[in-house]
Amino acid sequence: MSVDREDEETLSDEEQQQLMEEVQRRRSHRGPAIAIVSLIAIAFSAFQMWIAARGYAFEATLPFVGEYRLVGFQQLQINAIHVAFGLVLAFLLFPTSRGDGFLARRLGRIEPAVGNRLGDDHPVTRATARISGAVGWFFLDPEMNRIAPVDVLLAVLAVLPAYYTATQYDEIQRIAVLRFEDTQTLPEIFPVLVPFEGALSAVGVPIADVSAAFVLAVLGMALVLEATRRALGLVLASLVALFIAYARWGYLVPQDSAIGALWVQPDNWANIMYNLWYTVEAGVHSQPVSVSVRFIYIFILFGAFLEMSGAGKWFIDLAYSATGTRKGGPAKASVVSSGFMGMLSGSSIANTVTTGAFTIPLMKRSGYSPEFSGAVESSSSSGGQMLPPVMGAAAFLIVEFTGTPYADVIIAATLPALAFFFGMWVMVHFEAVRGDIGGLSRSELPDVRSALRTGWFYLIPLALLLYYLVIARLSINRSGWLTIVAVVALLAVVAAYDERTRGPLFATIAALFAVQAGAYATIGAGIGDAVRSIVGLGGMADADPMALEAALSAAVGDLAMIALLVGIAFVLLRPRAEAPLLEFDDEVEAAAERSAAALGRPALSGNRAYRFGNFLLKSMDSGARTATTVVVAVAAAGVVPGVISVSGLGPNLAALIGDISGDSMLILLTLTGVAAIIFGMGMPTTAMYIILVAMLEAPLVEAGVVVLAAHLFVLYWGLMADVTPPVAVAAFAGAGVAKAEEMKTASLAFLLSLNKVLVPFAFVFSPGILFLRDGEVAGWTDVTDLGYVVPEIVIPVFGMFVGVYALGVTIIGYQYARVTPTRRALYSVASILLMVPEIPLLLLEGVLALAGVPSALTIFELTAALRGIGLAMLAALTYRNRSRADLEEADARPSATAAGDA
């Protein structure tokens with residue numbers, strides 16, 4: 001039984017899609033374009049899945065031939081292909097313009113102006129109209145439902161730089177030394193241009209005299225900027241273009257001026273283009289894209305497979321069944337489910353729309369205002385990117401940039417993330433108490449045990465992911481791939497399961513597992529290896545029998561593949577049988593119905609084998625579409641750290657920031673946070689994180705901030721951009737789903753997310769909150785050291801959670817009774833003293849420094865004392881508020897009795 005989501009306020013699938021397209025500026029294709037874009041997206045996912053499973057060598061074992069190697073790529077080549085896929089999809093998914101932009105509006109005035117001046121029948125007017133129509137047809141997509149010719153042209157052009165990098169790697173290696181001297185020309189690389197060589201030279205385009213490598217690098221940079229403008233907005237594109245221009249002309253900055261620290265050595269375009277396009281150390285194809293290739297994409301794909309499997313719907317149902325009947329239960333369920341789905345999707349906007357389509361109507365029905373409902377959903381969705389073990393894409397970027405093991409990153413990130421969601425829970429509870437908002441009727445909700453019984457298997461992939469990453473300590477890429485295989489195998493078994501097949505299904509899996517383990521124990525290879533050896537594919541030449549424990553371990557590693565093959569076999573044997581536990585996401589079901597209708601066989605949509613195939617393809621398609629903006633973002637954002645490192649700007653920039661902050665830790669952190677919000681407005685968290693870490697990591701670390709704490713600080717503040725007016729893209733999406741007033745929703749979402757502001761200050765000043773000691777995650781020896789644990793972990797963590805509670809009272813203005821403005825201010829003071837007592841101490845240090853009195857007040861004795869004062873304040877305020885509530889209740893009781901007598 002699922003949550004009853006029927007509501008006149010609920011958005012239809014079409015309305016959800018329209019809202020998503022409006023917020024994300026993404027097309028909704030029609031006709032053959034649907035299949036074309038999907039095929040490219042599926043190819044992108046297949047390419048990345050091969051990399052995750054087999055590495056950068058594209059090879060296969062052929063019968064009687066043995067190992068056949070098609071091609072082996074270097075990191076630069078893989079990165080270039082990865083970026084090319086992202087660019088092609090960006091040009092096909094995002095329009096050049098809808099015709100309502102600054103330039104389009106002004107060009108659109110030409111035709112009416114000519115008509116007014118010369119008349120509608122004048123030849124010039126008619127010619128202008130024809131030209132205007134042709135330009136509009138070539139460039140514009142007002143309805144966001146067609147691929148314009150310019151999009152096809154740019155998509156084709158986006159392939160050319162990647163083709164050159166993939167096929168001319170030896171020449172690229174020579175460019176590292178000689179730059180673009182004596183390199184091939186465009187006609188030599190692309191013979192199709194030879195017939196046009198003379199004509200182009202005649203009009204001043206001597207393609208036979210210029211380096212193809214240089215031209216393709218310039219073309220690639222221009223395409224990255226255009227894709228960035230389309231997918232992520234003009235702000236990020238302009239910022240990247242500004243850094244490119246700065247790399248060339250930054251030497252013009254006067255060295256004796258206030259910004260003289262920004263002066264860089266003169267450079268030429270050849271060096272700049274080489275460093276920004278043809279290396280993996282800096283620029284477009286550098287570390288951020290490498291992280292996307294190795295880590296980010298495969299986990300986006302994992303999230304897509306899990307979501308399309310129906311896990312998202314089930315988790316929402318589970319959250320509602322567990323909390324839905326409580327006071328304010330729908331909002332509490334929204335906090336839990338939206339945080340979970342935001343963790344997987346890594347997109348605040350997408351999660352707000354998709355999950356919010358279920359949660360927001362239920363919140364409104366229970367009594368929450370539309371604005372508060374939209375704010376809760378958007379704030380929780382954006383907070384999901386802080387939540388381990390996936391953390392959107394952020395966890396993997398942090399791993400790569402800091403060199404910290406993945407397990408240490410998720411251990412460090414756990415308590416701050418839990419504090420944020422605890423704060424959200426507290427605030428929706430107080431809002432429910434203030435508005436006397438109850439929960440939903442139990443008849444509208446599934447029983448917890450029933451929900452667990454029908455979908456407990458969705459937890460297996462997450463458990464496996466943690467096992468692979470934390471216990472088995474496999475690589476992130478390998479863990480992601482194995483978890484995807486587990487999801488697919490799980491769904492194959494679920495698709496095959498029914499009352500008739502459950503016995504034979506599990507018996508077959510168990511039997512094949514036993515045979516596989518026996519094969520490892522006797523011949524040292526699995527069944528598949530033995531079969532390949534028999535048919536001449538090799539694979540057993542050096543195999544030795546394994547010990548029983550090793551054989552069982554090897555067989556366990558093959559269990560997912562065994563389950564997958566058995567499940568598919570059972571599905572194919574009975575394709576039209578019912579699958580009682582199979583409940584794919586609505587998008588999968590819709591895709592199956594559309595494709596079956598297009599094939600002229602609508603009955604296929606009920607075939608579980610056909611539905612399972614649609615699940616696989618839709619997951620790959622959805623994952624690629626979600627990853628497109630991330631790929632474009634990391635490609636563009638990589639230019640900023642590239643320019644900083646190649647130009648030698650880093651130390652000068654750190655010195656300038658130090659001068660601006662006056663060497664004050666508090667000012668430096670505040671400036672960093674504000675910069676994170678500004679840079680994060682309207683762009684993916686990944687791009688904001690990469691840019692800010694490149695510029696601000698060094699000043700933060702030099703100021704004494706632990707490296708991991710500095711990176712998490714930037715991440716937390718950057719996530720505030722999604723709910724900070726005037727941009728607040730996630731909050732506006734929430735308002736769209738809730739049909740609420742946008743700015744009021746955004747303001748409420750900003751207030752509900754204030755934990756993202758104070759919690760980072762807390763763990764920067766108290767790294768024990770992150771379980772960090774001397775920059776590394778504390779071990780068991782540290783945990784047993786009470787002299788460290790109590791002052792560095794227990795007290796700061798307790799202060800953080802209690803401070804978050806006090807902040808919740810401050811924001812909602814209600815506890816047991818209404819809180820007056822004066823007492824709200826006192827609650828806020830208590831919150832700061834509990835969470836970050838260093839703030840008032842640093843302010844006092846600043847005042848004393850102005851008076852010429854040196855001081856160092858941020859010592860444990862003083863911070864502990866201030867936390868004690870904050871705790872006493874909160875206890876006193878809570879006691880007074882509770883007493884007031886009791887008095888109000890006592891006053892209301894006689895009135896109610898008198899009304900009853902009357």
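Remember, predicted model here, so these are calculated numbers, not experimental data.

Peer 1: What's the story with the overall build of the protein chain in this structure? I'm lost.
Peer 2: Scanning the protein chain from N- to C-terminus turns up 42 helices and 4 strands. The C-alpha atoms of the protein chain give a radius of gyration of 30 Å, which matches the 29 Å a tight globule of 902 residues would have. With respect to the principal axes defined by its C-alpha atoms, the protein chain has extents near 95 × 80 × 70 Å. Taken over 902 residues, the protein chain has a buried fraction of 53%. Of the contacts made within the protein chain by residues no fewer than 6 positions apart, 76% connect residues no fewer than 24 positions apart. Approximately 38,100 Å² of the protein chain is accessible, and the part contributed by carbon and sulfur atoms is 64%. Seen as two clouds, the 56 positive and the 75 negative side-chain charges of the protein chain have centres 6 Å apart.

Peer 1: Which parts of the structure should I look at to understand the nonpolar core?
Peer 2: A general feature of soluble globular proteins is that nonpolar side chains tend to end up buried together. Grouped together as the largest cluster of nonpolar side chains are 259 residues, with contacts concentrated most on Tyr278 and Phe763. Sorting elements by how many residues they give to this core places helix H20 (residues 406-435) first, with 16 residues. Apart from residues lying up to four places away in sequence, Tyr278 is in contact with Leu76, Tyr164, Thr165, Ile172, Phe180, Ala213, Leu216, Ala217 and Met273. With 8 residues, the next largest nonpolar core counts Ala333, Leu362, Leu440 and Leu445 among its residues.

Peer 1: What's the story with the pattern of salt bridges in this structure? I'm lost.
Peer 2: Any two side chains of opposite charge can pair, on the condition that their charged atoms come close. Inspection of every chain in the model, using the stated rule, returns 21 salt bridges. A salt bridge links Asp151 to Arg27; its shortest N-O distance comes to 2.4 Å. You can see Asp151 sitting in helix H7 (residues 149-167) and its partner Arg27 sitting in the loop between helix H1 (13-24) and helix H2 (32-54), a full 124 residues away along the chain. The two residues Asp151 and Arg27 agree in class, both being buried. Measuring nitrogen to oxygen at the nearest pair gives 3.7 Å for the salt bridge that ties Arg174 to Glu171. Placement of both Arg174 and Glu171 in helix H8 (residues 169-178) is noted, with a separation of 3 residues, approximately one turn of the helix. The class for Glu171 is buried, based on a relative accessible area of 4%. Residues joined by salt bridges that share partners form a network here, namely Arg27, Asp141, Asp151, Glu226, Arg229 and Arg230.

Peer 1: I would appreciate a short explanation of the packing of helix H18 (residues 370-383) against H20 in the present structure.
Peer 2: When two helices pack together, their arrangement is given by the angle between the helix axes and by the axis-to-axis distance. Axis separation between H18 and H20 bottoms out at 11 Å; the angle between their running directions is 170°. Classified by the angle between their axes, H18 and H20 sit roughly antiparallel to one another. The residues of H20 that touch H18, namely those facing Phe372, Val376, Ser379, Ser380 and Gly383, are Phe420, Phe421, Met424, Met427, Val428 and Glu431. Considering only residue class, the contact of H18 with H20 consists of 7 nonpolar, 3 polar and 1 charged.

Peer 1: Even after reading the chapter, I still don't get a nonpolar patch on the surface, so can you show me in this structure?
Peer 2: Together, Phe102, Leu103, Leu107 and Ile110 make up a nonpolar patch on the protein surface, roughly 430 Å² of accessible area in all. Among the elements that take part in the nonpolar patch, helix H4 (residues 102-108) stands out by supplying 3 residues, more than any other. Owing to a relative accessible area of 48%, Leu107 belongs among the partly exposed residues under this scheme.

Peer 1: Sorry if this is basic, but what is going on with the packing of helix H31 (residues 649-661) against helix H32 (residues 665-680) here?
Peer 2: Their axes nearest at 8 Å, the elements H31 and H32 cross at an angle of 115°. What the angle tells us is that H31 and H32 run roughly perpendicular. Judged by the twist between their axes, the crossing of H31 over H32 is right-handed. Residues Ile657, Ile660 and Ser661 of H31 form the contact with H32, whose own contacting residues are Ile667, Leu668 and Leu671.

Peer 1: How do you make sense of helix H23 (residues 476-496) when you look at a structure like this?
Peer 2: Residue pairs spaced three or four apart in an α-helix point in one direction, given the helix's 3.6 residues per turn. With 21 residues, H23 should reach 30 Å at 1.5 Å per residue; the first-to-last C-alpha distance of 30 Å fits that figure. For H23, a buried count of 20 out of 21 residues is recorded, marking the element as mostly surrounded by other parts of the structure.

Peer 1: Hey, could you run me through the packing of aromatic side chains in this one?
Peer 2: What describes a pair of aromatic rings is the distance from one ring centre to the other and the angle between the planes of the rings. The tally for this structure, following the rule as stated, stands at 35 aromatic pairs. Each ring, one from Trp50 and one from Phe58, has its centre 5.6 Å from the other, and the planes form 5°; the classification is stacked. For Trp50, a relative accessible area of 27% gives the class partly exposed. Centre to centre, the rings of Tyr368 and Phe372 are 5.4 Å apart; their planes meet at 10°, and the pair counts as stacked. According to the relative accessible area criterion, Phe372 is buried, its value standing at 4%. Connected via pairs of aromatic rings, a cluster forms that spans Phe44, Phe47, Trp50, Phe58, Phe73, Phe85 and Tyr297. Taking NZ or CZ as reference, Arg882 lies 4.6 Å from the ring centre of Tyr816, over its face.

Peer 1: How should I be thinking about the environment of Leu301 in this particular structure?
Peer 2: Note on placement: Leu301 falls in helix H14 (residues 287-308). Taking the C-alpha atoms as reference, Leu301 lies 51 Å from Ala876; in sequence the two are 575 residues apart. If we skip the residues at most four places from it in the chain, Leu301 touches Ser45, Met49, Ile484, Ser619, Met620 and Gly623.

Peer 1: Whenever I open this one, the environment of Tyr827 confuses me. Can you help?
Peer 2: Positionally, Tyr827 belongs in helix H40 (residues 821-835). On the basis of relative accessibility, which here comes to 1%, the residue Tyr827 falls in the buried class. Residues Tyr827 and Met873, spaced 46 residues apart in sequence, show a C-alpha to C-alpha distance of 7.7 Å. Apart from residues lying up to four places away in sequence, Tyr827 is in contact with Ala806, Val809, Thr810, Gln815, Val819, Leu874, Leu877, Thr878 and Asn881.

Peer 1: In this structure, what is going on with the environment of Ile272? I would like to understand it.
Peer 2: Here Ile272 lies in helix H13 (residues 269-277). Residues Ile272 and Arg434 lie 162 residues apart in sequence; the distance between their C-alpha atoms is 60 Å. Among all residues touching Ile272, those that are not within four sequence positions of it are Ala247, Arg248 and Asp267.

Peer 1: What is the right way to read the side chain of Thr125 from this model?
Peer 2: Counting through the fold element by element, Thr125 comes out in helix H6 (residues 123-139). Those residues in contact with Thr125 that sit more than four places away from it in its chain are Val114, Gly115, Leu118, Gly119 and Asp120.

Peer 1: Please clarify how the side chain of Asn275 should be interpreted in this entry.
Peer 2: Structurally, Asn275 is set in helix H13. Judged by relative accessible area, which is 16%, Asn275 ranks as buried. Among the polar contacts made by the side chain of Asn275, one reaches the main-chain carbonyl oxygen of Asn271 at a distance of 2.9 Å. Those residues in contact with Asn275 that lie beyond four places of it in its chain are Ala282, Gly283 and Val646.

Peer 1: Would you take a moment to explain unusual backbone geometry for this structure?
Peer 2: Of all residues except glycine, most have a negative phi; of all peptide bonds, most are trans. Residues Pro388 and Pro389 are joined by a peptide bond in cis, for which omega reads 10°. You can see Pro389 is positioned in the loop between H18 and helix H19 (394-402). At Met144, a residue that is not glycine, the phi angle is positive and equals roughly 55°. Its location among the elements puts Met144 in the loop between H6 and H7. In the Ramachandran plot, Ala728 falls in the positive-phi region, its phi being about 45° despite a non-glycine side chain.

About the cut-offs
- Sequence order as written defines residue numbering, which begins from 1 separately in each chain.
- At least 70 in pLDDT is required for a residue's local features to be given in this predicted model, at least 80 for side-chain atom pairs to be given and counted, and no such filter applies to totals for whole chains, interfaces and linings, which use all residues.
- To get the side-chain values, take all heavy atoms of the structure and skip hydrogens and water.
- Here a helix means four or more residues in a row that DSSP labels H or I, a strand means two or more in a row labelled E, and each is numbered from the N terminus.
- Values of the radius of gyration come from C-alpha atoms, whereas the globule rule sets the reference at 2.2 Å times the count of residues to the power 0.38.
- Classification of residues uses two cut-offs on accessible area relative to the type maximum, computed with a 1.4 Å probe and protein chains only: under 20% is buried, over 50% is exposed, and between them is partly exposed.
- Residue contacts follow a heavy-atom distance rule, with two residues in contact if any of their heavy atoms lie within 4.5 Å.
- Using a 1.4 Å probe, the Shrake-Rupley method yields the accessible areas, and only the shown protein chains count as cover for residues.
- Positive residues here are Lys and Arg, negative ones are Asp and Glu, while His and the chain termini are left out of the count.
- The atoms used to mark charge sites are NZ of Lys, CZ of Arg, CG of Asp and CD of Glu.
- Working definition of a nonpolar core: buried Ala, Val, Leu, Ile, Met, Phe, Trp, Tyr and Cys residues. They are joined through side-chain atoms within 4.5 Å.
- Basic side-chain nitrogens of Lys or Arg form a salt bridge, by our definition, when they fall within 4 Å of a carboxyl oxygen of Asp or Glu.
- Inter-axis angles, ranging from 0 to 180 degrees, are taken between N-to-C directions of lines fitted to C-alpha atoms, where helices are fitted over the stretch in contact.
- An angle below 35 degrees is read as roughly parallel, one above 145 as roughly antiparallel, one from 65 to 115 as roughly perpendicular, and any other as oblique.
- For this classification, the nonpolar set comprises Ala, Val, Leu, Ile, Met, Phe, Trp, Tyr, Cys and Pro, the charged set comprises Asp, Glu, Lys and Arg, and every other residue, Gly included, is treated as polar.
- Only residues whose relative accessible area exceeds 30% and that take part in no salt bridge are eligible for patches, with like-charged residues grouped when within 9 Å of each other and nonpolar side chains (Val, Leu, Ile, Met, Phe, Trp, Tyr) grouped when within 5 Å.
- The sense of a crossing depends on the near helix, which, turned anticlockwise from the far helix by less than a right angle, makes the crossing left-handed and, turned clockwise, makes it right-handed.
- Take the residue count of a helix, subtract one, and multiply by 1.5 Å to get its expected span.
- Note on ring pairs: Phe, Tyr and Trp rings are taken, using the six-membered ring of Trp, and paired if centres are within 6.5 Å. Classes follow the plane angle, with under 30 degrees stacked, over 60 edge-to-face and the rest tilted.
- The criterion for a charge sitting over a ring is simple: Lys NZ or Arg CZ within 6 Å of the ring centre, and within 35 degrees of the ring normal.
- Polar contacts, as counted here, are pairs of nitrogen or oxygen atoms within 3.5 Å of one another; within protein the pair requires one atom able to donate a hydrogen and one able to accept it, and residues that are adjacent in sequence qualify only if both atoms are side-chain atoms.

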